[in-house]
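Listed here are the chains, written in short residue letters.
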Amino acid sequence: MGHATSPPPAWMENPAIKPLGSENLLLRGATLKNTEKIFGVAIYTGMETKMALNYQSKSQKRSAVEKSMNAFLIVYLCILISKALINTVLKYVWQSEPFRDEPWYNQKTESERQRNLFLKAFTDFLAFMVLFNYIIPVSMYVTVEMQKFLGSYFITWDEDMFDEETGEGPLVNTSDLNEELGQVEYIFTDKTGTLTENNMEFKECCIEGHVYVPHVICNGQVLPESSGIDMIDSSPSVNGREREELFFRALCLCHTVQVKDDDSVDGPRKSPDGGKSCVYISSSPDEVALVEGVQRLGFTYLRLKDNYMEILNRENHIERFELLEILSFDSVRRRMSVIVKSATGEIYLFCKGADSSIFPRVIEGKVDQIRARVERNAVEGLRTLCVAYKRLIQEEYEGICKLLQAAKVALQDREKKLAEAYEQIEKDLTLLGATAVEDRLQEKAADTIEALQKAGIKVWVLTGDKMETAAATCYACKLFRRNTQLLELTTKRIEEQSLHDVLFELSKTVLRHSGTLTRDNLSGLSADMQDYGLIIDGAALSLIMKPREDGSSGNYRELFLEICRSCSAVLCCRMAPLQKAQIVKLIKFSKEHPITLAIGDGANDVSMILEAHVGIGVIGKEGRQAARNSDYAIPKFKHLKKMLLVHGHFYYIRISELVQYFFYKNVCFIFPQFLYQFFCGFSQQTLYDTAYLTLYNISFTSLPILLYSLMEQHVGIDVLKRDPTLYRDVAKNALLRWRVFIYWTLLGLFDALVFFFGAYFVFENTTVTSNGQIFGNWTFGTLVFTVMVFTVTLKLALDTHYWTWINHFVIWGSLLFYVVFSLLWGGVIWPFLNYQRMYYVFIQMLSSGPAWLAIVLLVTVSLLPDVLKKVLCRQLWPTATERVQQNGCAQPRDRDSEFTPLASLQSPGYQSTCPSAAWYSSHSQQVTLTAWKEKVSTEPPPTLGGSRHHCSSIPSHSCPRSRVGMLV
């Protein structure tokens with residue numbers, strides 16, 4: 001998830017834990033407030049978030065392979081019509097001579113001679129259409145569906161993609177897009193829960209400029225009495241002490257956490273140091289981390305009972321607050337609030353949310369000190385939240401109640417009116433402080449992104465987090481590299497310059513370098529040049545997408561896309577859910593029409609998952625909304641590497657060969673039938689027996705290609721994982737381009753000519769057998785058909801790289817089945833047949849030595865051009881895959897191993913073209929590098945910014961006060 005505050009409660013995603021009566025909340029306005037209070041949850045308002053959650057109009061996704069199949073099918077349909085039209089015209093040209101009217105054995109009757117000429121021509125046209133209709137590979141669509149359905153099980157059976165921690169494996173919700181996994185050009189990924197573990201740990205809080213860290217660590221030892229220690233100054237004043245306790249109470253009260261009591265514990269709560277006696281449950285790990293963190297600082301949230309929230313303070317006294325109202329979180333406001341009443345009758349509004357949402361509504365408090373601390377923590381990759389409050393008098397609260405009640409019972413625009421009411425209530429606040437929570441990077445997330453970039457895939461991170469936090473995460477996961485210069489397209493910069501000037505300045509920067517340096521257009525990675533990374537926030541994106549005064553928005557969009565194409569990576573921060581889908585749609589429908597993939601773990605990622613060509617949900621801690629609405633689901637982000645680079649690569653190779661092979665073998669099958677009409681007076685006489693016509697695609701040639709499309713491995717699995725650049729060989733639908741399709745079609749035409757005319761020249765001399773009469777129509781057709789079946793089957797055998805006993809059984813078994821069937825079909829008199837024109841034909845043909853010679857010779861000649869083409873191309877213009885096949889093993893293009901420790905790869909300084917970013921530009925390098933200095937090992941460090949509690953981890957000059965350098 002990309003937001004910095006709590007998402008909707010878990011029951012809104014999982015109906016199994018939906019509270020009793022919640023389905024009637026909107027119907028019974030009178031009980032709405034009470035129901036909210038009883039369960040400690042809030043109605044998930046916010047028009048934009050609701051639209052994202054209800055993004056149910058899931059469009060019918062079609063893969064690039066399917067689109068190519070349909071285009072090829074139209075071509076073959078035109079060929080079919082052309083064949084029928086040509087034969088119809090030539091038939092009447094042939095019969096224009098009186099002596100060629102009809103053969104003597106098939107003379108026309110008088111009624112047939114008097115029929116309308118156009119009606120007869122149309123009837124003949126339809127007859128030729130039926131005769132040649134086998135060129136349309138109807139069975140191909142059946143085989144493709146079988147291949148997709150059966151092939152999808154290879155993902156679910158993959159043990160490498162099974163996560164033992166969660167006990168989850170990959171899920172395939174649709175098998176129609178398997179091959180699309182091998183064509184991905186852009187990946188749009190969420191940050192929280194996707195790149196990170198979404199396992200939050202409370203690190204520190206800043207109150208009135210004082211920083212508090214629970215359990216400060218120095219030299220690996222927990223300092224005694226360190227709970228709630230002030231890291232910067234001495235103990236605050238009396239007024240500061242009051243603000244401090246008010247801050248802790250705000251964290252204990254402003255949330256939707258529910259408490260699960262431990263029955264084995266006697267009493268309401270043990271002391272904080274004595275261990276937990278209850279379990280906190282929330283749909284947002286942030287909220288649980290904050291409640292547990294403030295517990296270690298002396299304030300413990302106990303429970304919500306009878307509409308009263310109970311907390312245990314430092315003096316072990318229980319305080320009770322009446323819960324009056326909940327102003328729920330949504331991704332537009334990026335904050336939530338509660339209104340509570342203390343035992344003394346004082347009414348408070350506590351509000352927590354993102355800094356960009358809280359600071360504009362604050363009129364009092366030490367804003368500058370807290371803002372500096374928030375920016376510092378964000379640079380270190382910590383997730384930050386700000387906390388503010390406001391005291392309400394009774395009259396103010398009564399006005400708020402009336403305002404909220406009017407919005408809740410509105411029959412029209414209820415969400416809009418609630419949002420307007422929240423805006424009026426959450427203003428004129430007093431800033432209390434800020435919190436910092438750490439979300440660790442997932443295992444092998446950096447290696448996965450690095451491999452995807454080497455494969456030529458551009459990775460974009462779309463998140464709702466603060467820019468500095470997201471940028472630190474991008475450095476840690478290697479999205480931004482040592483030589484990456486960051487370009488900013490943010491609201492802060494647009495305020496200094498106009499949007500037009502910023503866009504053209506960025507365009508001039510990237511185009512100047514791209515014009516003088518050689519770039520790798522696929523991956524954007526180069527060791528010898530400066531790469532560019534773009535950072536854009538949601539507000540700037542809205543300005544770019546907003547129509548201009550003259551009604552046009554294309555200029556800014558095209559300029560923005562041009563800048564993005566020149567960047568190796570893009571970070572989109574402060575994104576609302578629908579803005580994520582808007583970004584995906586913008587790239588999806590750009591002039592290149594790239595294949596896009598979106599991956600996320602939460603409900604706010606559903607809209608972009610549905611918008612992308614391929615949507616992948618991470619089975620994480622944010623519920624199953626993303627997994628249910630995705631095309632595929634995986635347990636961890638690291639599994640995306642094998643899903644694309646191995647499974648996707650194999651799927652595309654296999655199905656593209658299947659499609660081209662089907663068209664090829666159908667051309668071989670039906671073109672001799674077309675040529676035969678020139679030798680039978682265009683009488684619509686079939687060349688093959690009916691049984692052969694029926695069984696060619698069903699039995700004789702179906703199983704080998706189906707098995708090929710399920711098991712073929714042109715290179716090994718380990719090779720594909722070790723050398724991601726092989727993914728580029730099949731990019732842009734390379735194996736189903738028109739040039740390749742024309743080659744397969746021409747190869748089929750050549751083979752058909754060899755089959756037909758080779759057999760024709762053999763049959764031209766009737767002395768090849770003692771009885772020339774046996775070489776009639778059916779014998780000629782049987783010889784052509786026999787050569788054809790052997791040729792197309794052996795052609796597939798030549799293309800097979802991965803041989804198993806199943807391949808041998810199916811390929812040679814298919815040829816054996818054809819021979820046995822032909823012997824039985826023509827060697828036995830079947831009593832249920834009215835006529836048997838193939839009786840003894842096949843046996844008599846095989847008794848002729850020239851027929852055997854013709855079969856061997858014609859099969860060899862038919863396969864020779866394809867063999868020569870393969871040999872010459874491999875020697876003169878080998879692809880990367882062919883070089884790997886020749887060498888027998890792949891040499892990785894990059895020396896960095898997949899297990900290169902993250903700590904050994906130094907993080908770059910945060911370079912920026914924006915002067916306003918200078919502060920965190922300099923501090924990013926200091927904090928990120930020094931935090932990892934002592935953790936260089938064979939494994940990556942467990943955190944984004946490293947441990948912040950080691951004495952020598954961070955130099956003193958990187959902190960506002962010298963004492964921070966000593967304790968952090």
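The text that follows walks through the structure, step by step, so that each part is easy to find. (Residues numbered from 1 in each chain as written. Predicted model: local features only at pLDDT ≥ 70, side-chain atom pairs only at ≥ 80, totals over all residues. Heavy atoms only, no water.)

### Digging into the overall build of the chain
Reasoning step 1: If you tally the helices and strands in the chain, you get 34 helices and 24 strands.
Reasoning step 2: For the chain, the computed accessible surface area is about 40800 Å², with 57% contributed by carbon and sulfur atoms. (Helix = DSSP H or I, 4+ residues; strand = E, 2+ residues; numbered from the N terminus. Areas by Shrake-Rupley, 256 points an atom, 1.4 Å probe, with all protein chains shown as cover.)

### Focus: the state of the cysteines
Reasoning step 1: Counted according to the given criterion, the structure contains 0 disulfides.
Reasoning step 2: Note on C567: no disulfide assigned, nearest cysteine sulfur contributed by C564 at a separation of 6.3 Å.
Reasoning step 3: Using a relative accessible area of 1% as the deciding quantity, one classes C567 as buried. (Disulfide = S-S within 2.5 Å. Buried < 20%, exposed > 50% of the residue type's maximum accessible area, 1.4 Å probe, protein only.)

### Notes on the nonpolar core
Reasoning step 1: Core analysis: the largest hydrophobic core is formed by 79 residues, its most contacted members being Y688, Y692 and F785.
Reasoning step 2: Not counting residues within four places of it along the chain, the set of residues in contact with Y688 comprises C668, F669, P672, Q673, L693, W778, G781, V784, F785 and M788.
Reasoning step 3: Core analysis: the next-biggest nonpolar cluster, separate from the first, contains 44 residues, L441, L486, L597 and L644 among them. (Core = buried A, V, L, I, M, F, W, Y, C linked by side-chain atoms within 4.5 Å. Contact = heavy atoms within 4.5 Å.)

### Side note on the packing of aromatic side chains
Reasoning step 1: Evaluation of the coordinates by the stated rule reveals 51 aromatic pairs.
Reasoning step 2: Both rings, one in Y348 and one in F350, keep their centres 5.5 Å apart while their planes meet at 10°; by these two values the pair is stacked.
Reasoning step 3: A relative accessible area of 5% means that Y348 is categorised as buried.
Reasoning step 4: Their ring planes at 75° and their centres at 5.7 Å tell us that Y664 and W744 sit as a pair that is edge-to-face. Taken as a pair, Y664 in helix α23 (residues 639-676) and W744 in helix α27 (residues 738-764) lie far apart in primary sequence, 80 residues in all.
Reasoning step 5: An aromatic cluster of at least three residues, connected via ring pairs, comprises Y134, F669, Y688, Y692, Y696, F700, F785, F817, Y818, F821, W825 and F842. (Phe/Tyr/Trp six-rings, centres within 6.5 Å; stacked < 30°, edge-to-face > 60°.)

### A closer look at a nonpolar patch on the surface
Reasoning step 1: On the surface, V142, M146, F149, L150, Y153, F154 and W157 cluster together into a nonpolar patch covering about 670 Å² of accessible area.
Reasoning step 2: Elements supplying a minimum of two residues to the nonpolar patch: α6 (138-151) and α7 (153-156).
Reasoning step 3: Broken down by element, the residue count for the nonpolar patch peaks at 4 residues, all from α6.
Reasoning step 4: With respect to the helices and strands, the residue L150 is situated in helix α6. (Patch = residues over 30% accessible without salt bridge, like charges linked within 9 Å, V, L, I, M, F, W, Y side chains within 5 Å. Salt bridge = Lys/Arg side-chain N within 4 Å of Asp/Glu carboxyl O.)

### Describing helix α28 (residues 777-799)
Reasoning step 1: With 23 residues, α28 should reach 33 Å at 1.5 Å per residue; the first-to-last C-alpha distance of 33 Å fits that figure.
Reasoning step 2: A large share of α28 lies buried, amounting to 19 of its 23 residues. (Expected span 1.5 Å × (residues − 1).)

### Observations concerning helix α20 (residues 577-588)
Reasoning step 1: Taking 1.5 Å as the rise per residue, α20 with 12 residues should run 16 Å; its terminal C-alpha atoms sit 17 Å apart, in good agreement.
Reasoning step 2: Buried within α20 are the following residues: P577, Q579, K580, A581, I583, V584, L586, I587 and K588.

### Looking at the sheet that holds strand β23 (residues 614-618)
Reasoning step 1: Ordered in space as β1-β24-β23-β22-β2-β18-β21-β20-β19, the 9 strands form an open sheet in which the pairing is mixed. Whereas interior strands pair on both sides, the edge strands pair on one side only; in this sheet they are β1 (171-172) and β19 (484-489).
Reasoning step 2: The strands that helix α15 (residues 467-476) touches are β18 (458-462), β19, β20 (531-537) and β21 (569-573); relative to β21, the one it contacts most, it runs at about 150°.
Reasoning step 3: Where α23 meets the sheet, it contacts β2 (186-189), β22 (596-600), β23 and β24 (632-634), and its direction lies at approximately 135° from that of β24. (Pairing = 2+ DSSP bridges. Axes fitted to C-alpha atoms, helices over the stretch in contact; angles between N-to-C directions.)

### Describing the pairing of strand β10 (residues 300-305)
Reasoning step 1: One ladder, built from 5 bridges, connects β10 with strand β11 (residues 308-312); its direction is antiparallel. Looking at the pairing, T300 lines up with L312 of β11.

### Structural notes on the side chain of D537
Reasoning step 1: The topology assignment puts D537 in strand β20.
Reasoning step 2: Buried within the structure, D537 lacks any salt-bridge partner; R574 is the closest side chain of opposite charge, at an N-O distance of 7.5 Å.
Reasoning step 3: A polar contact is formed between the side chain of D537 and the backbone nitrogen of T491, at a distance of 2.9 Å.
Reasoning step 4: Sequence-distant contacts of D537, defined by excluding residues within four places in its chain, comprise L489, T490, T491, C573, R574 and M575. (Lys, Arg positive; Asp, Glu negative; His and termini not counted. Polar contact = N/O pair within 3.5 Å; in protein donor to acceptor, adjacent residues only side chain to side chain.)

### Considering the pattern of salt bridges
Where side chains of opposite charge bring their charged atoms close, a pairing between them can arise.
Reasoning step 1: Applying the stated criterion to the full structure yields 48 salt bridges.
Reasoning step 2: Of the charged contacts in the structure, one is a salt bridge between K61 and D631, with a shortest N-O distance of 2.8 Å. Highlighted residues: K61 in the loop between α2 (47-53) and α3 (64-94) and D631 in the loop between α22 (625-629) and β24, separated in sequence by 570 residues. Grouping residues by exposure puts K61 and D631 together as buried.
Reasoning step 3: Note that E443 and K638 form a salt bridge whose closest N and O atoms lie 3.2 Å from each other. A residue pair is termed long-range when its members are at least 10 positions apart, and E443 in the loop between β17 (429-441) and α14 (445-454) and K638 in the loop between β24 and α23 qualify at 195 residues.
Reasoning step 4: Look at K638 and you get partly exposed, because its relative accessible area is 23%.
Reasoning step 5: Because the salt bridges share partners, they merge into one network encompassing R333, R335, R361, E423 and E426.

### Observations concerning the pairing of strand β14 (residues 347-353)
Reasoning step 1: Of all 7 residues making up β14, 7 are buried, and the element is well covered by its neighbours.
Reasoning step 2: The alternating pattern of β14 places I347, L349, C351 and G353 and Y348, F350 and K352 on opposite faces, both of which are buried.
Reasoning step 3: Strand direction decides the pairing type here: strand β13 (residues 335-341) and β14, joined by 7 bridges, are antiparallel. Paired with S337 across the strands is C351, a residue of β14.
Reasoning step 4: Linking β13 to β14, which pair antiparallel, is a turn of 5 residues; within it G345 sits at a positive phi near 95°.
Reasoning step 5: Taken together, the 7 bridges between β14 and strand β16 (residues 383-392) define a ladder with antiparallel strand orientation. Across the sheet, F350 pairs through a bridge with Y389, a residue of β16.

### Describing unusual backbone geometry
Both trends apply: most residues other than glycine have a negative phi, and most peptide bonds are in trans.
Reasoning step 1: The residue N316 is not glycine, and still its phi comes out positive at about 60°.
Reasoning step 2: Within the secondary structure layout, N316 lies in the loop between β11 and β12 (318-327).
Reasoning step 3: One non-glycine residue, D413, adopts positive backbone phi at about 55°.
Reasoning step 4: Looking at where D413 falls in the secondary structure, it is placed in the loop between α12 (394-408) and α13 (414-425).

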